[in-house]
Amino acid sequence: MTVDKADAQGALQTLLDKQAIRELKYRYLNACDDKSPEQVTACFAPGPVNINFGHIGQFANREDFVAVFVALGCHEHIVDMHHAENMLVEITGDDTARARVGLRFHSINTQDKTTVQLGGFYEDEYRRIDGEWLISASTFNVRSALITDYTSGSDTVVWAANHMPPQSA
């Protein structure tokens, strides 16, 4: 069996691109856990993007999203863990890709004494800009949600469903 050099180079580039996209998503999730707005911003393409995180909001640029991230999550009493899993990346063009990324999210609010556990997946789009892969669109779809209150010293289930509660709940 002979391998064409151009085919091998193309396959290698595809693997390198997929790995760069995985590492970008991991950097984003780690930056969220580290409460690093600058690093979160750097993971998204500049200019128009489509970020739809459901109950958190929909955003047309990275700056608006990061402002909400800072307001909601960048506090000492908020302890978050984002864990990506089952990531499938598809290169769709020379400088475009998409991925489906599973997420397990756990948040502890030590001030309000509540916890949130979410399971779901991201549907992401990526663009290579000036040689760097960046997120150009991201939608998070909730598959499971569990909210508990531990003000009484033990967990009380506030919400359990396959979606987040309505804003008034």
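So, here is what we can say about the structure in this document. Position numbers for residues count from 1 along each chain, tracking the sequence in the order it is written. Given that this is a predicted model, residues contribute local features only at a pLDDT of at least 70 and side-chain atom pairs are listed and counted only at 80 or more, while totals for whole chains, interfaces and linings are drawn from all residues. To obtain the side-chain values, all non-hydrogen atoms of the structure were used and water was disregarded.

Points about the pattern of salt bridges
Right, so step 1: Each reported salt bridge corresponds to a side-chain nitrogen of Lys or Arg within 4 Å of a carboxyl oxygen of Asp or Glu. Scanning the entire structure with this criterion turns up six salt bridges.
Right, so step 2: Residue Glu123 is joined to Arg100 by a salt bridge in which the shortest nitrogen-to-oxygen separation is 3.6 Å. On the criterion of sequence distance, the pair formed by Glu123 in strand E5 (residues 114-129) and Arg100 in strand E4 (residues 96-109) is long-range, its members being 23 residues apart.
Right, so step 3: Through salt bridges with shared partners, a single network forms among Asp17, Asp95 and Arg128. Numbered from the N terminus, helices here are DSSP runs of H or I no shorter than four residues, and strands are runs of E no shorter than two.

Overview of the nonpolar core
Right, so step 1: Only buried residues count toward a nonpolar core. Its members are Ala, Val, Leu, Ile, Met, Phe, Trp, Tyr and Cys residues joined through side-chain atoms within 4.5 Å. Each residue is placed in one exposure class: buried if its accessible area under a 1.4 Å probe, protein chains only, is under 20% of its type's maximum, exposed if it is over 50%, and partly exposed if it falls in between. By size, the foremost hydrophobic cluster in this structure holds 34 residues, and its most contacted members are Tyr28, Val40, Phe44, Phe65, Tyr122 and Tyr126.
Right, so step 2: Mapped onto this core, the elements with two or more residues apiece are helix H1 (5-33), strand E1 (48-52), helix H3 (62-73), strand E3 (78-93), E4, E5 and strand E6 (132-149).
Right, so step 3: Note on contacts: a residue pair is in contact if any heavy atoms of the two residues lie within 4.5 Å. Residues contacting Phe44, with those up to four places away along its chain left out, are Tyr28, Ile51, Arg62, Phe65, Leu134 and Ile135.

Some remarks on H1
Right, so step 1: Expected span of a helix: the number of residues minus one, times 1.5 Å. Between its terminal C-alpha atoms H1 stretches 42 Å, which fits the 42 Å expected from 29 residues at 1.5 Å a residue.
Right, so step 2: By the burial criterion, the buried members of H1 are Asp17, Ile21, Leu24, Lys25, Tyr28, Leu29, Ala31 and Cys32.
Right, so step 3: Buried residues in H1 make contact with helix H2 (37-42), H3, E3, E4, E5 and E6.
Right, so step 4: Just past H1, the residue Lys35 takes up positive phi, approximately 55 degrees.

Details of the environment of Asp33
Right, so step 1: Along the chain, the position of Asp33 falls in helix H1.
Right, so step 2: Expressed as a C-alpha distance, the spacing of Asp33 and His83, which sit 50 residues apart in the sequence, is 9.8 Å.
Right, so step 3: Those residues in contact with Asp33 that lie beyond four places of it in its chain are Asp80, Met81 and His82.

Looking at the pairing of strand E2 (residues 58-61)
Right, so step 1: Looking at chain direction, E1 and E2 are connected through three bridges and run antiparallel. Opposite Pro48, over in E2, you have Asn61 as the bridge partner. The rule for pairing is simple: two strands pair if DSSP sees at least two bridges between them.

Looking at H3
Right, so step 1: A rise of 1.5 Å per residue sets the reference length of H3, with its twelve residues, at 16 Å; its end C-alpha atoms lie 16 Å apart and thus fit the reference within 8%.
Right, so step 2: Turning to H3, its buried residues are Arg62, Phe65, Val66, Phe69 and Gly73. Axial view of H3: buried residues confined to an arc of 95 degrees, hence all on one face.
Right, so step 3: Buried residues along H3 sit in contact with H1, H2, E1, E2 and E3.
Right, so step 4: The opening residue of H3 is Asn61, an N-cap whose side-chain oxygen sits 3.1 Å from the backbone nitrogen of Glu63. Each C-beta atom gives one direction from the helix axis, and the arc is the one those directions make. N or O atoms within 3.5 Å of each other form a polar contact, as long as, within protein, one can give a hydrogen and the other can take it, and as long as residues adjacent in sequence are counted only when both atoms are side-chain atoms.

Quick look at the pairing of E1
Right, so step 1: What you see with E1 is a clean split: Val49 and Ile51 sit on the buried side and Pro48, Asn50 and Asn52 on the side with no burial.
Right, so step 2: For E1 and E6, the ladder comprises three bridges, and the chain directions are parallel. Looking across to E6, one finds that Ile51 is bridged to Ser138.

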